[in-house]
Structures are given as structure tokens and as C-alpha cells.
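In case you want the letters, here they are:
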Amino acid sequence: MSRYITVKENREFARAYRRGKSSVSPVLVTYALKTKGSPLRYGITTGKKIGNAVKRSRARRVIRASYFQLFDQLKPGYTLIFVARGKTPYVKSQVVYNAMRQHLITLGVLSQNGEVHRDEKGTSGIN
């Protein structure tokens, strides 16, 4: 089983939009929905307002890279949805990383005291 589990179905995105908490910045919108007993999952949305296919792909790539950098510090049991905004394909990846980190701290998904270590099965233990 893959270490990173993605959200693919529209109803899962819609549930996160309706019931989840959100945090907004000029480059990224983050939705976090607490899900009991499920592993950490993520989804990325880039709409046509972002630009052509090249710009949308760059936005997804930058968001995904930031998520992978923060993955080991995230608490399990959340569904995270990241929505690209108009500025996302034009900014440096460090700006997206900083915005994502701040969002996840605000939403209470990022562990601040210690890292969360995951084994191959995706289960975790906080040190």
C-alpha cells in the first residue's frame, strides 16, 4: 500500500468543503476534516481560473512537494484538501510551503512538539 493516500471522489471533496475547517492565503486554501479511524489522506484541486494546463500542473506539483515535505509531521486521521489559487503557479515553492505549514498549524493538523513517525502500514506514534 502506498504511503500517501489520495482523495479521488467528488463526494469526498464535497464533504471536506462542507464539514471541514479551512484556512486561506493568497497562494493556497486548505481544508481539514477530522476522520476517525482513517489514515491521513490528501487531495489537490486546481481550477481553470489558475491558467492553462502547464500552469495547473505546476501548481499541483508545488503543492504536492510541500505536502511531502510536511508529511512526517502531520497527525493521522485527517482528510486534507488543498486548493490552488491564482498566484500559486507564479510564486516560488518556498512560499507555498510556508503558507501550507502555517495553515496546518492553524488547523491543528501539524504536530509542533514532536515528529509523528509512521511505519510502512501508515500507522503512527508520536515521540
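For the structure itself, look to the data block above.
Structural notes, computed from the coordinates. Given the structure is predicted, the values throughout are model-derived calculations rather than measurements.

### Topic: the overall build of the protein chain
Consideration 1: Assigned secondary structure in the protein chain consists of three helices and seven strands.
Consideration 2: Scanning the protein chain from its N terminus toward the C terminus, one meets helices and strands in the order β-α-β-β-β-α-β-α-β-β.
Consideration 3: Considering only contacts in the protein chain between residues 6 or more positions apart, those separated by 24 or more positions represent 77%.
Consideration 4: As displayed, the protein chain has an accessible area near 7,500 Å², and 50% of this comes from carbon and sulfur atoms.

### Regarding the packing of aromatic side chains
Consideration 1: The final tally for this structure, using the stated rule, is 10 aromatic pairs.
Consideration 2: Here the aromatic rings of Tyr4 and Tyr67 are separated by 6.4 Å at their centres, their planes lie at 65°, and the arrangement is edge-to-face. A residue pair is termed long-range when its members are at least 10 positions apart, and Tyr4 in the segment before strand 1 (5-6) and Tyr67 in helix 2 (residues 53-70) qualify at 63 residues.
Consideration 3: Tyr67 gets classed as buried once you look at its relative accessible area, which sits at 1%.
Consideration 4: Aromatic pair Tyr17 and Tyr31: ring centres 4.9 Å apart, planes at 70°, arrangement edge-to-face. Placement of the pair is Tyr17 in helix 1 (residues 10-19) and Tyr31 in strand 3 (residues 28-34), with a sequence separation of 14 residues.
Consideration 5: Its relative accessible area of 34% is what places Tyr17 among the partly exposed residues.

### Some points on the nonpolar core
Consideration 1: With 27 residues, the main nonpolar core has Tyr67 and Leu80 as its most contacted residues.
Consideration 2: Of all elements in the fold, only strand 3, strand 4 (41-45), helix 2, strand 5 (78-84) and helix 3 (93-106) reach the threshold of two or more residues within this core.

### What about the pattern of salt bridges?
Opposite charge on two side chains lets them pair, provided their charged atoms get close.
Consideration 1: Overall, the coordinates contain three salt bridges when judged by the stated rule.
Consideration 2: Note that Arg41 and Glu12 form a salt bridge whose closest N and O atoms lie 3.5 Å from each other. In this pair, Arg41 sits in strand 4 while Glu12 sits in helix 1, placing the two residues 29 residues apart along the sequence.
Consideration 3: Given a relative accessible area of 18%, Arg41 falls into the buried group.

### So, the sheet that holds strand 2 (residues 21-24)
Consideration 1: Spatial strand order, 1-4-5-3-2: five strands in an open sheet with mixed pairing. Single-partner strands in this sheet number two, and they are strand 1 and strand 2.
Consideration 2: Bridge count between strand 1 and strand 4: two bridges; the pairing is parallel. Counted as the bridge partner of Thr6 is Tyr42 from strand 4.
Consideration 3: Here helix 2 sits on the sheet and contacts strand 3, strand 4 and strand 5; the angle it forms with strand 4, its principal contact strand, is near 160°.
Consideration 4: Its contacts with the sheet put helix 3 on strand 2, strand 3 and strand 5, and the angle it makes with strand 3 is roughly 30°.

Thresholds applied
- Residues numbered from 1 in each chain as written.
- Predicted model: local features only at pLDDT ≥ 70, side-chain atom pairs only at ≥ 80, totals over all residues.
- Heavy atoms only, no water.
- Helix = DSSP H or I, 4+ residues; strand = E, 2+ residues; numbered from the N terminus.
- Contact = heavy atoms within 4.5 Å.
- Areas by Shrake-Rupley, 256 points an atom, 1.4 Å probe, with all protein chains shown as cover.
- Phe/Tyr/Trp six-rings, centres within 6.5 Å; stacked < 30°, edge-to-face > 60°.
- Buried < 20%, exposed > 50% of the residue type's maximum accessible area, 1.4 Å probe, protein only.
- Core = buried A, V, L, I, M, F, W, Y, C linked by side-chain atoms within 4.5 Å.
- Salt bridge = Lys/Arg side-chain N within 4 Å of Asp/Glu carboxyl O.
- Pairing = 2+ DSSP bridges.
- Axes fitted to C-alpha atoms, helices over the stretch in contact; angles between N-to-C directions.

Limitation: the analysis is restricted to geometry and does not speak to function.
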